[in-house]
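Close look at the chain arrangement
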Amino acid sequence: MSNLITNIHDTGDELEGEMHWQLFDSDMTVLIYDADEEYAQRCAEYLDNIPEQLLDRLRRATLLYARDFYGMTGDEELEKFMTVKPEDILEYIYPSALIIRKPQDERIGFHLEMECDWEPEHGLEWSVLDGKAMYVGAFNSISPWSKFEDKSWNYLTKL
């Protein structure tokens, strides 16, 4: 296993490092809360090699979020999202942080904080557990092990 997370240091509250995500060809912060470095590296490895089927589901739900936000605001600058294809939505997303929390079991679980062109205030979050998309929507720091009882704000439920 390669060490995708580099420059790991203890901030007092968590471990913090950096990672280059090939999909976006960009660097982002990695925040590790009560998880060991080996588990964090496995999460980063999974993310960097994210399966196409999972990525497709995340992209489609993300596009629904962008379109819904346009529908709520009516902002003319966001009208372009009505014609954007799911495979092109990544052009409007900017990863900021990979967040890894203490695992409840051996499954790989993480969530991502990202900026996006349509919602500069709350951004975008993807939450993934065991190869399954769990949450796509505004950033709310949703752990992949959350119960997800309120599904109205999770765009995966609208696919």
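Okay, so let's go over this structure. (Residues numbered from 1 in each chain as written. Predicted model: local features only at pLDDT ≥ 70, side-chain atom pairs only at ≥ 80, totals over all residues. Heavy atoms only, no water.)

1. Looking at the environment of V30
Let me state the cut-off plainly: Strands are runs of DSSP state E lasting at least 2 residues, helices are runs of H or I lasting at least 4, and numbering of each runs from the N terminus. The buried label applies to any residue whose accessible area, calculated with a 1.4 Å probe on protein chains only, is under 20% of its type's maximum; exposed applies above 50%, and partly exposed to all values in between. Between two residues, a contact is recorded if the distance between any of their heavy atoms is within 4.5 Å.
With respect to the helices, strands and loops of the structure, V30 is situated in strand β3 (residues 26–33). Residue V30 is classed as buried on the basis of its relative accessible area, which comes to 0%. Spatially, the C-alpha atoms of V30 and E18 are 5.3 Å apart, while their sequence positions differ by 12 residues. If near-sequence neighbours (up to four positions away) are discounted, V30 is found in contact with I5, L15, E16, G17, E18, M19, L98 and I100.

2. Section: the pattern of salt bridges
Cut-off, in case you're wondering: Definition used for salt bridges: Asp or Glu carboxyl oxygen within 4 Å of a side-chain nitrogen of Lys or Arg.
Here the structure, examined in full by the defined rule, presents 4 salt bridges. Here E52 makes a salt bridge to R59, at a shortest N to O gap of 2.5 Å. What makes R59 buried here is its relative accessible area of 9%. For D105, the salt bridge is made with R107, and the minimal N-O distance between the two is 2.9 Å. Given a relative accessible area of 30%, D105 falls into the partly exposed group.

3. So, the environment of L156
Checked against the element boundaries, L156 lands in the segment after β7 (132–137). Sequence-wise, L156 and S146 are 10 residues apart; in three dimensions their C-alpha atoms are separated by 15 Å. Apart from the residues lying within four places of it in its own chain, the contact partners of L156 are R57, A61, A133, M134, Y135 and V136.

4. A few points about helix α1 (residues 37–48)
Worth spelling out the cut-off: Take the number of residues in a helix, subtract one, and multiply by 1.5 Å to get its expected span.
The first and last C-alpha atoms of α1 sit 16 Å apart over 12 residues, in line with the 16 Å expected at 1.5 Å per residue. Listed as buried for α1 are Y39, A40, Q41, C43, A44, L47 and D48. Where the residues of α1 are buried, they touch β1 (6–10), β2 (15–21), β3, β4 (93–101) and β5 (109–116).

5. Examining the pairing of β5
Each regular strand shows side chains that alternate between the opposite faces of the sheet. Short version of the rule: Two strands qualify as a pair provided DSSP detects at least 2 bridges between them.
Of all 8 residues that make up β5, 6 are buried, and the element is covered over most of its length. Taken together, the 6 bridges between β4 and β5 define a ladder with antiparallel strand orientation. Counterpart to I99 in the pairing with β5 is H111. Two elements, β5 and strand β6 (residues 124–129), share 6 bridges in a ladder whose sense is antiparallel. Considered in β6, the bridge of H111 is made with S127.

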